[in-house]
Amino acid sequence: MTCFDELGMLSEMPHVRKAMVTILEVQGRYNEAISELFTARAEFLALGIPGKGALTGLEIVELVHLWGRSSEG
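Residues numbered from 1 in each chain as written. Predicted model: local features only at pLDDT ≥ 70, side-chain atom pairs only at ≥ 80, totals over all residues. Heavy atoms only, no water.

> With reference to specific residues and values, describe the packing of helix α2 (residues 13-26) against helix α3 (residues 30-46).
In the contact formed by α2 and α3, the axes pass within 9 Å of each other and the chain directions differ by 165°. It follows that α2 is roughly antiparallel to α3 by the angle criterion. Considering how the two elements wind past one another, α2 and α3 form a crossing that is left-handed. The residues of α3 that touch α2, namely those facing Met13, Pro14, His15, Arg17, Lys18, Met20, Val21, Leu24 and Glu25, are Tyr30, Glu32, Ala33, Glu36, Leu37, Thr39, Ala40, Glu43 and Phe44. (Axes fitted to C-alpha atoms, helices over the stretch in contact; angles between N-to-C directions. Helix = DSSP H or I, 4+ residues; strand = E, 2+ residues; numbered from the N terminus. Parallel < 35°, antiparallel > 145°, perpendicular 65-115°, else oblique. Left-handed = near helix turned anticlockwise from the far one by under 90°. Contact = heavy atoms within 4.5 Å.)

> Could you give an account of the side chain of Glu36, naming the residues involved and the relevant values?
Looking at where Glu36 falls in the secondary structure, it is placed in helix α3. The class of Glu36 is buried, set by a relative accessible area of 17%. With residues near it in sequence (within four places) discarded, Glu36 still touches Arg17, Met20, Val21 and Leu24. (Buried < 20%, exposed > 50% of the residue type's maximum accessible area, 1.4 Å probe, protein only.)

> Describe in detail the environment of Lys52, supporting the description with residues and values.
When you line up the elements, Lys52 lands in helix α4 (residues 50-66). In this structure the C-alpha to C-alpha distance between Lys52 and Arg41, which are eleven residues apart in sequence, comes to 7.5 Å.

> Please set out the nonpolar core residue by residue, giving values where relevant.
Val21, Leu24, Ala33, Ile34, Leu37, Ile60, Leu63 and Trp67 form the largest nonpolar core, which has eight residues in total. Of all the secondary-structure elements, those providing two or more residues to this core are α2, α3 and α4. It is α3 that contributes the most residues to this core, three residues altogether. The contacts of Val21, once residues within four sequence positions are left out, are Ala33, Glu36, Leu37 and Leu63. (Core = buried A, V, L, I, M, F, W, Y, C linked by side-chain atoms within 4.5 Å.)

> Lay out the pattern of salt bridges in plain terms, naming residues and giving numbers.
Two side chains of opposite charge can pair, provided their charged atoms sit close to one another. For the structure shown, the criterion picks out four salt bridges. Residue Arg17 is joined to Glu36 by a salt bridge in which the shortest nitrogen-to-oxygen separation is 3.0 Å. Note that Arg17 is positioned in helix α2 and Glu36 in helix α3, a separation of 19 residues in sequence. Each member of the pair, Arg17 as well as Glu36, carries the same accessibility label: buried. Salt-bridge contacts for Arg29 lead to Glu32; the nearest nitrogen and oxygen are separated by 2.7 Å. The class of Arg29 is partly exposed, set by a relative accessible area of 35%. Linked by salt bridges that have partners in common, Arg17, Glu36 and Glu43 make up one network. (Salt bridge = Lys/Arg side-chain N within 4 Å of Asp/Glu carboxyl O.)

So this is what it looks like as structure tokens:
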């Protein structure tokens, strides 16, 4: 159980993950940044916030394209 669970703030965790993406980007840790976005997207969807999940999905596509990862299999 995380501190977010204990405080009844489950919906804040994906927002924190998305903020971590900015840090990972600056550090050049692109694969980890994309992974955090996938996790945040899944959390938004599990929490019943499909709009935020969809926007996060668009960010994933944008970053994968921007960082040239779209041709990786």
